[in-house]
Amino acid sequence: GENVEQHPSTLSVQEGDSAVIKCTYSDSASNYFPWYKQELGKRPQLIIDIRSNVGEKKDQRIAVTLNKTAKHFSLHITETQPEDSAVYFCAGEPRDSGGYQKVTFGIGTKLQVIP
Amino acid sequence: NAGVTQTPKFRVLKTGQSMTLLCAQDMNHEYMYWYRQDPGMGLRLIHYSVGEGTTAKGEVPDGYNVSRLKKQNFLLGLESAAPSQTSVYFCASSYYSEGPYNEQFFGPGTRLTVL
């Protein structure tokens, strides 16, 4: 099955600096890579995703890059703000042998933006 | 449109007791999932369902059972609770499509403590 590794597990940045979170995956069949943000005490919510036929995607201050050859993808947050403080999860999504989708999450990165 | 809801929000059990967690979604999603979230472990898939009347095992299914008698509901049962099942449980749902582009919508979570 899919194995997704995520690092770092914790990350502290000064407000206004950039933050980068990196993930690697094992299953070459994975073709969809979402990123979820979970604020303290809240539910995870999708913030950005990338498909395997795309190398980079941007949405305002966040961007995701994908290197299929190396099987790694990254989340980039620029001009960080205190409200970016949260736990971020990457995920890989292959289809299993039955053709069903299953998402495998990384362990999460706790991002702290220091004002 | 309530999205994904979970009942109860909190529960304390004694070892050996049983309980059922209820997940409901009003988005007509085909897929539903149960995850547990533990510190440093990320989100781990317990069981999932690809449609009414179907269920399948995820990454950590032992000690849990599930049922999907109605498309909008997905029940997670603990027959004999153990302290190792102390966790936060999240339900999620998503559309099915031929493409791998399915955002998962999470419920608010259930915090379960087993003494």
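Read on for a plain summary of the structure. (Residues numbered from 1 in each chain as written. Chains lettered and ligands numbered in written order. Predicted model: local features only at pLDDT ≥ 70, side-chain atom pairs only at ≥ 80, totals over all residues. Heavy atoms only, no water.)

**Regarding the side chain of His29(B)**
All names here are of chain B.
For step 1, the next point in the chain: Its place among the elements puts His29 in the loop between β3 (19-25) and β4 (31-38).
For step 2, the next point in the chain: Under the relative-accessibility criterion, His29 is labelled buried at 0%.
For step 3, the next point in the chain: Here His29 is in contact with Arg68, Lys71, Ser93, Ser94, Tyr95 and Phe105, once residues within four sequence places are set aside. (Helix = DSSP H or I, 4+ residues; strand = E, 2+ residues; numbered from the N terminus. Buried < 20%, exposed > 50% of the residue type's maximum accessible area, 1.4 Å probe, protein only. Contact = heavy atoms within 4.5 Å.)

**Describing the sheet that holds strand β6 (residues 56-59) of chain A**
Whenever strands of a sheet pair, they do so through backbone hydrogen bonds, lying parallel or antiparallel.
Residues and elements named next belong to chain A.
For step 1, the next point in the chain: Spatial strand order, β1-β3-β8-β7-β6: five strands in an open sheet with antiparallel pairing. The open sheet terminates on both sides in strands that have one partner only, identified here as β1 (4-7) and β6. The sheet shows a mean angle of 15° between the axes of neighbouring strands, taken without regard to direction.
For step 2, the next point in the chain: With four bridges joining them, β1 and strand β3 (residues 19-25) adopt antiparallel strand pairing. When the bridges of β3 are listed, Val4 appears paired with Tyr25. (Pairing = 2+ DSSP bridges. Axes fitted to C-alpha atoms, helices over the stretch in contact; angles between N-to-C directions.)

**Section: the state of the cysteines**
Residue and element names in this part refer to chain A.
For step 1, the next point in the chain: Summed over all chains, the structure comprises two disulfides over all chains.
For step 2, the next point in the chain: There is a disulfide in this structure between Cys23 and Cys90, and the S-S distance comes to 1.9 Å. Residues Cys23 and Cys90 share a disulfide whose torsion about the S-S bond is about -100°; that sign makes it left-handed. You can see Cys23 sitting in strand β3 and its partner Cys90 sitting in strand β9 (residues 86-92), a full 67 residues away along the chain. Cys90 shares its class with Cys23; the two are buried. (Disulfide = S-S within 2.5 Å.)

**A word on the pattern of salt bridges**
For step 1, the next point in the chain: In total, this model carries six salt bridges over all chains according to the counting rule given.
For step 2, the next point in the chain: Residue Glu39(A) pairs with Lys37(A) through a salt bridge whose shortest N-O separation is 3.5 Å.
For step 3, the next point in the chain: Look at Glu39(A) and you get partly exposed, because its relative accessible area is 35%.
For step 4, the next point in the chain: A relative accessible area of 16% places Lys37(A) in the buried class.
For step 5, the next point in the chain: Between Arg36(B) and Asp38(B) there is a salt bridge whose closest N-O contact spans 2.8 Å. Accessibility classification places Arg36(B) together with Asp38(B) in one group, the buried group.
For step 6, the next point in the chain: If you follow the salt bridges from partner to partner, you end up with Arg36(B), Asp38(B) and Arg44(B) in one network. (Salt bridge = Lys/Arg side-chain N within 4 Å of Asp/Glu carboxyl O.)

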